[in-house]
Amino acid sequence: MPVQYYIFLSIVLFCIGVMGVLMRRNAIIIFMCVELMLNAVNLLMVAFSKMWADAGRVDAAGAQIFVFFIMVVAAAEVAVGLAIIVMVYRKSQSVDINIMNRLKN
Amino acid sequence: MNELQLIPLLPFIILAMASVVTILLIAFRLSHTVIQVTGFLMMCLVVFATWYVRDTLPEEVPPLFIVDGQAALFTGVIIFCVLVIGLFSYIYFEEREENPKEYYILLFLATLGAAILTISQHFISLFIGLELLSVSLYALIAYLRNRNNAVEAGMKYLVLAALSSAFLLFGMALIYMEAGSMKFSGIAEKLPQVSSSPLFLMGLGTIVVAIGFKLALVPFHLWAADVYQGSPTPVTAFIATISKIGTFAVLLRFAQTIHLQQYPLIIAIFSVIAISSMIVGNILALRQQNLKRLLAYSSIAHFGYLLVAFLPGNEAGTEAAAFYLIAYSITLLSAFGVITLLSSREHEAETLDIYTGLIWRRPVVATILAISLFSLAGIPLTAGFLAKFFVLSAGVQQAVWLPLAVLILTSVIGLYYYLRVINTLFGTSGTADVMQKTVHPFFHVSTYITLVVLAGMLFWIGVFPGLVLQGIRLFLLLH
């Protein structure tokens, strides 16, 4: 398959993620959208790794290793992020981010 | 890769061990004081290790790292900052939280992330370093979960940092597609063929978004004031100094390796960001009544100034940027140290009312705050003045006139709000001071001494910059 398909799909997924982060008000949905963006990047990385391997580059597997790093970091981020969301919920019985407006001058 | 190549990484290995040692100390239920002292000694060990490996520099550890003089310089500044911040943390957390020990694990991990950024020359190490820094920072910001809206600040930083790292990755993927390499030098080789491709430029643009977010540059600055205000004061000092030094170091290395400054489009984008940061930061700070928020907006403006040193992309610019970062971090550390000292168990000392007439009640502390504000404003005889002067002279060499003009004009605006705070310090005292009894005299005294030394350094660097400049040049030659 030509690599353009992957690029197109990834950009669409990434944009859906950005839209979700900007427009949704539920902290957990926002977090899911960030994950969607990271996975769009993973898809892109794997596609490009294949593309460069086909073009004869020997170090193209590096991009696939990068994907594993991204997965691990995303898991770490979710672990800390969900802990913070739980604290938000305990404090205000809601995960709506509109209530977070108390920090101002 | 052989074992000889591991030797230049020794300081970073010790830094990573510091957090493991801290975990073990907590497992053996040792006291806060023991952990604090051990952490201090570990950081001193990192400094000694850097000194020990100096002869092996510069050394490349392919493909991820390069340890050269520039990296050693920025790592040195980072370690210096974490030593001071660790000291401030003791009195701050001892008063507030029953269990402040895990704080040090996160502090050392975040420092490791920033240190890795200074030596990275590959997208993987850049990403790992940046995430090590940000994930530790999420927890650090929300550490005092029951007070001061810390959770709200943590949540804001979490969402925006996660968003920006997704942008960073997307940019990396696009650049990898065009260049076929994730190593900075590999990208530099392919650059002449791909520099006009739209996907490559888009990738570069999204990376600029992520870096701009980390450095709190306009228009990605919206988190800064809230996070500065909501997080514990030592953590605010950490975000303002270490996290930004690390990010700026990696931006500098990326730009140097791929010769970013030879593209007029990139120069234009960075000029716009620098100019808007200087203007917006200074204007938003004008009406602030909260010292932490004021420092947040002033740091936005200061990184705008720093970008002016980054724009020329020459040797003088790098030197000026390194000098600026050193002067700026000493200044901010002394300002946040004063806030830490004045904060009581119930209240952060952040509203300006608390500072009314401080000079009559606690003359030493007030003088230190006044000196650091003078340095931020760039008054002669302080380090901040010379830092700005070197930035200006680096900019004049390459004739970037518009950002320079904005720098000078906005510095004058900046003078207004720094002097307003100093004016408050000298006002007539309304509130009688409730002198609290100090819980830990030894750490209080050492914090006092550190603050006095920092203020002294501001004067010393401001009057005799020769030694510091010589040191910076010596380090930068090792590449």
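Basis of the calculations
- Residues numbered from 1 in each chain as written.
- Chains lettered and ligands numbered in written order.
- Predicted model: local features only at pLDDT ≥ 70, side-chain atom pairs only at ≥ 80, totals over all residues.
- Heavy atoms only, no water.
- UniProt positions renumbered as here; feature names shortened; annotations may be inferred.
- Helix = DSSP H or I, 4+ residues; strand = E, 2+ residues; numbered from the N terminus.
- Rg over C-alpha atoms; globule rule 2.2 N^0.38 Å.
- Buried < 20%, exposed > 50% of the residue type's maximum accessible area, 1.4 Å probe, protein only.
- Contact = heavy atoms within 4.5 Å.
- Areas by Shrake-Rupley, 256 points an atom, 1.4 Å probe, with all protein chains shown as cover.
- Lys, Arg positive; Asp, Glu negative; His and termini not counted.
- Charge placed at Lys NZ, Arg CZ, Asp CG, Glu CD.
- Buried area = accessible area lost by both parts, 1.4 Å probe.
- Salt bridge = Lys/Arg side-chain N within 4 Å of Asp/Glu carboxyl O.
- Phe/Tyr/Trp six-rings, centres within 6.5 Å; stacked < 30°, edge-to-face > 60°.

As annotated in an unreviewed UniProt entry, chain B carries the name NADH-quinone oxidoreductase subunit N and comes from Chitinophaga tropicalis. Under the UniProt heading Sequence similarities (unreviewed entry), the entry covering chain B gives this text: "Belongs to the complex I subunit 2 family."

Per an unreviewed UniProt entry, chain A carries the name NADH-quinone oxidoreductase subunit K and comes from Chitinophaga tropicalis. Chain A has a UniProt comment under Catalytic activity (unreviewed entry) that states "a quinone + NADH + 5 H(+)(in) = a quinol + NAD(+) + 4 H(+)(out)". Regarding chain A, the relevant UniProt record gives this comment under Subunit (unreviewed entry): "NDH-1 is composed of 14 different subunits. Subunits NuoA, H, J, K, L, M, N constitute the membrane sector of the complex."

Engineer: Hey, could you run me through the overall build of chain B in this one?
Structural biologist: In terms of regular secondary structure, chain B is built from 20 helices and 2 strands. Relative to the globule expectation of 23 Å for 479 residues, the C-alpha radius of gyration of chain B, 21 Å, shows essentially globular dimensions. Looking at chain B as a whole, 65% of its 479 residues qualify as buried. A separation of at least 24 residues holds for 80% of the contacts in chain B among residues at least 6 apart in sequence. When the accessible surface of chain B is totalled, it reaches about 16,800 Å², and 71% of it is carbon and sulfur. Side chains of chain B carry 22 positive and 22 negative charges; the gap between the two charge centres is 7 Å.

Engineer: Looking at this structure, how should I read the interface of chain A and chain B?
Structural biologist: It is common to report an interface's size as the accessible area lost on association of the parts. Between chain A and chain B, the residue contacts involve 42 residues of the former and 49 residues of the latter. Taking both sides of the interface into account, the surface hidden between chain A and chain B amounts to around 3,800 Å²; carbon and sulfur atoms contribute 79%. Taken together, the connections running from chain A to chain B amount to 0 salt bridges. Contributions of two or more residues to the side of chain A that touches chain B are made by α1 (3-23), α2 (27-54) and α3 (61-92) of chain A.

Engineer: Would you take a moment to explain the packing of aromatic side chains for this structure?
Structural biologist: Each aromatic ring pair is summarised here by two numbers: the centre-to-centre distance and the angle between the ring planes. All names here are of chain B. Within this structure, the stated rule accounts for 24 aromatic pairs over all chains. Taking the centre distance of 5.3 Å and the plane angle of 85° together, the rings of Tyr103 and Tyr104 count as edge-to-face. Summarising the burial analysis for this pair, Tyr103 and Tyr104 share the class buried. Aromatic pair Phe323 and Phe390: ring centres 5.0 Å apart, planes at 85°, arrangement edge-to-face. Here Phe323, found in helix α14 (residues 315-342), pairs with Phe390, found in helix α17 (residues 383-398); they are 67 residues apart in sequence, far enough to count as distant.

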